[in-house]
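Structural overview
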Amino acid sequence: MDGLISFFASHHAIRAETVLKRHGHAARLVPGPRELSPNCGVALRFEYAERDAVAALLTANRVRIDGVHSYQPRTDDWNVRSA
Amino acid sequence: MIYFDNAATSWPKPPGVAAAMAECLSEAGGNPGRSGHRLSVAAARIVEDAREGLAALFGADDPSRIVFAPNATHALNLALYGLLRPRDRVVTTGIEHNSVMRPLRHLETRGVEVVVVPCGSDGSLDVQKVEQALQRGARLLVTTHASNVSGAIVPIAELAAVARKHGALYLVDAAQTAGSAPIDVGALGLDLMAFTGHKGLLGPTGTGGLYVRDGVSLTPLVRGGTGSESAYEIQPEFMPDMFESGTLNVAGIAGLATATRFLADLGVEAVQAHERQLAAHFMTEAAAVSGITLYGSGEATERCGIVSFTLADASPSEVGLLLDESFGIMARTGLHCAPAAHRTLGTFPAGTVRFSFGWFNTSSEVDTAVEALRQIAAWSANGAMTSPGHRVTEAQS
């Protein structure tokens, strides 16, 4: 997944993951990269190509986001959910 | 043992609640929203799962409008102190719990005008009288959803409409009804609703919260760390973080989430019907007990699962002690933290004996309790009740 959404608060990060998965989008919570996610501990990886649909879905569900980024980490090792 | 004190705290809890709390402590030990590691994320998932479940149960379309608090009292304080300023007028009723009245009486010393609309001697509230009080202008109307003494249900739908008509915000104290009476904050148009997790919601103590409608502006009661906007020394201004400073009771919230799922599967309507049926059954059967006075409306649809009564020539505390020691029946006696409600019913300062039924109570338990009251009434008629405790024991044998 080459997209990353940063959030103001973990409530919104967790909720974003729930909403996206419920609607069939790939989504994965990760520790927020410091340079993109200064506000809370977690960020959400997703498919950057789906960004318009994802942004619309989050807005419709009143999930507040900080920013949407194209992001390629050096490795996938830091994924908290597959470890 | 028969537990009839569900209005103080519900017992037992649904299956899985204790296990969810234990699992939280052993498997999800991180601090929610503070870190990105798996234990922190696991804790945050528990909190957000609970928030979503509560939002669905209460008809709130946005879970971020549900703020966690240690209990309904804390949530009520957040709403009242967050909203009311000197020279504001607040309208309330004559059947409120001290969790509303004590903050209001304190705010009164800071220049808030408090108007108390009296209730009928059966604890019923006349909406027209509330409207008259609101016509003079008010910042806030605050009422309970159900009296914790008489069990009288307050018509919150009508009150919400009246408050809206006169430009007042409406705060509902749902301590006695959240989880045991259907509440749809969206359909009702409530502005604020305080709830506790450990009564009708069947969760553990130390949980509760406040629903805050989008557009209602409150000042936080507590400020501090939230895990968000950590670079700034000023409080965040977004939901729910602005009202959730300090680490939440994650284990308690884990139990609450499980209890909320249990209720959602069961249907709150089913719980309400069961508790009303028990209350109606008790009122019918107990009416024949010699010397008993039952308080509140006899209409099942006008009450929740709470009934209050007194026995002639026996103090409520004596009756409560005998119910416990001789019959294994747990009831609450006295003033129930609601002196205003007892003044309304005419039972101040002696108070009443209160039975509060829950989902796990049965009709046969009610029958056992009525039989116990018949026995206690007989002892009372024989003069045993005014004697020292050892003579009560003699009378029993």
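What to know about the overall build of chain A
Helix and strand counts for chain A come out as 2 helices and 4 strands. The order of helices and strands in chain A, counted from the N terminus, is β-α-β-β-α-β. Within chain A, the fraction of its 83 residues that count as buried is 51%. Counting only contacts in chain A whose residues sit at least 6 apart along the sequence, the fraction spanning at least 24 positions is 73%. When the accessible area of chain A is evaluated, it comes to approximately 3900 Å², of which 45% is carbon and sulfur surface.

Here we look at the nonpolar core
All names here are of chain B. Core analysis: the biggest nonpolar cluster contains 62 residues, and Phe58, Leu134, Tyr170, Leu190, Met193 and Leu201 have the highest contact counts within it. Residue assignment places this core across two domains, with domain 1 (17-266) and domain 2 (267-396) each supplying three or more. Once residues within four sequence positions are removed from consideration, Phe58 is found in contact with Ile66, Ala178, Ile183, Asp184, Val185, Gly186, Met193, Phe195 and Leu201. Leu76, Ala79, Val100 and Met239 belong to the second largest nonpolar core, which has 30 residues in total.

With respect to the side chain of A:His12
With respect to the secondary-structure elements, A:His12 resides in helix H1 (residues 10-22). Side-chain polar atoms of A:His12 contact the backbone nitrogen of A:Arg64, separated by 3.0 Å. Residues within four places of A:His12 in sequence aside, it is in contact with A:Phe7, A:Arg62, A:Val63, A:Arg64, B:Ser64, B:Met239 and B:Pro240.

As for the environment of B:Thr207
All names here are of chain B. Tracing the backbone through its elements, the reader meets Thr207 in the loop between strand S7 (192-196) and strand S8 (208-212). Judged by its relative accessible area of 1%, Thr207 is buried. As a C-alpha pair, Thr207 and Thr196 span 11 residues in sequence and 6.2 Å in three-dimensional space. When near neighbours in sequence (up to four residues on either side) are disregarded, Thr207 contacts Ala69, Pro70, Asn71, Thr196, Gly197, His198, Asn249, Gly252, Ile253 and Leu256.

Here's the deal with the pattern of salt bridges
Evaluation of the coordinates by the stated rule reveals 17 salt bridges over all chains. The partner of B:Arg45 in a salt bridge is A:Glu17, and the shortest N-O contact between them spans 2.3 Å. Of this pair, B:Arg45 sits in helix H2 (residues 38-58) while A:Glu17 sits in helix H1, placing the two residues on different chains. Since its relative accessible area comes to 26%, B:Arg45 is described here as partly exposed. Put simply, B:Asp61 and A:Arg62 hold a salt bridge, and the shortest N to O gap is 2.9 Å. Of this pair, B:Asp61 sits in the loop between H2 and strand S2 (66-69) while A:Arg62 is found in the loop between helix H2 (51-60) and strand S4 (67-70), placing the two residues in two different chains. Salt bridges linked by common partners bring A:Arg15, A:Arg22 and B:Glu52 together as one network.

The rules behind these values
- Residues numbered from 1 in each chain as written.
- Chains lettered and ligands numbered in written order.
- Predicted model: local features only at pLDDT ≥ 70, side-chain atom pairs only at ≥ 80, totals over all residues.
- Heavy atoms only, no water.
- Helix = DSSP H or I, 4+ residues; strand = E, 2+ residues; numbered from the N terminus.
- Buried < 20%, exposed > 50% of the residue type's maximum accessible area, 1.4 Å probe, protein only.
- Contact = heavy atoms within 4.5 Å.
- Areas by Shrake-Rupley, 256 points an atom, 1.4 Å probe, with all protein chains shown as cover.
- Core = buried A, V, L, I, M, F, W, Y, C linked by side-chain atoms within 4.5 Å.
- Domains from an automatic or database assignment.
- Polar contact = N/O pair within 3.5 Å; in protein donor to acceptor, adjacent residues only side chain to side chain.
- Salt bridge = Lys/Arg side-chain N within 4 Å of Asp/Glu carboxyl O.

Function cannot be read off these values alone, since they describe shape.
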